[in-house]
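# Structural description and commentary
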Amino acid sequence: MSDNRQSLADLGATLNQQAATATAQPAAVEGEAPAAAPVERVSTTPLRQQELDKFGRAYATGRRKDAVARVWLKPGSGKITINGRDQEVYFARPTLRLVINQVFGITEREGQYDVICTVKGGGLSGQAGAVKHGISQALTKYEPVLRAPVKAAGFLTRDSRTVERKKYGRAKARRSFQFSKR
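As the structure is a computational prediction, the values presented were derived from the model and not from experiment. (Residues numbered from 1 in each chain as written. Predicted model: local features only at pLDDT ≥ 70, side-chain atom pairs only at ≥ 80, totals over all residues. Heavy atoms only, no water.)

Take the side chain of Asp-114 next. Within the secondary structure, Asp-114 sits in strand S5 (residues 113-120). Here the side chain of Asp-114 touches Gly-78 through a polar contact of 3.0 Å, landing on its backbone nitrogen. Within the structure, Asp-114 has its side chain in polar contact with the backbone nitrogen of Lys-79 (distance 2.9 Å). The contacts of Asp-114, once residues within four sequence positions are left out, are Trp-72, Leu-73, Lys-74, Pro-75, Gly-76, Ser-77, Gly-78 and Lys-79. (Helix = DSSP H or I, 4+ residues; strand = E, 2+ residues; numbered from the N terminus. Polar contact = N/O pair within 3.5 Å; in protein donor to acceptor, adjacent residues only side chain to side chain. Contact = heavy atoms within 4.5 Å.)

Rendered as structure tokens:
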């Protein structure tokens, strides 16, 4: 018999099953595999706890480039407020608004949560990425079940790419001054 067993629990279940079939049936034919009963798999990974403040909001910090966003998420009508202004006013470019709303699209939660956000540092693109990162973190704190799809989409990972610093003796980080032969 050349069965590959994954754990001791599987081996124990198989031995118990073989013992039960041996007592119920006469000797089995050599080379014949015993009928396998369905084995229930119990998930051992604990579900994360919902993390809310005293106002019933989920808080998270998002970062991208030099931008840092503080995000509060609560159930509502889908209004996103950034630094006291509506998202259409703060992020005038539609691509930046699309970046922010990607998280709600992946989790199918459009229009179900209100977002209040303060963001500082960096440019508009970095700020939009920071808000997206913060919304992702806050949404997984409010609904821990959504952690798997958000993580699979890569929204929980902080994008660590930043601008390389300028070096001495160079025009920029890597660009040299123009070479003159004469």
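Still to come is the rest of the account.
Turning our attention to the pairing of strand S2 (residues 67-75). Looking at chain direction, strand S1 (residues 58-64) and S2 are connected through 7 bridges and run antiparallel. Each bridged residue has a counterpart across the sheet, and for Ala-58 the counterpart in S2 is Leu-73. Connecting the antiparallel pair S1 and S2 is a turn made up of 2 residues, with Lys-65 showing a positive phi of about 50°. Pairing geometry for S2 and S5, over 8 bridges, is antiparallel. Within the sheet, the bridge partner assigned to Arg-70 lies in S5 and is Thr-118. (Pairing = 2+ DSSP bridges.)

Honestly, it's all geometry; don't read function into it.
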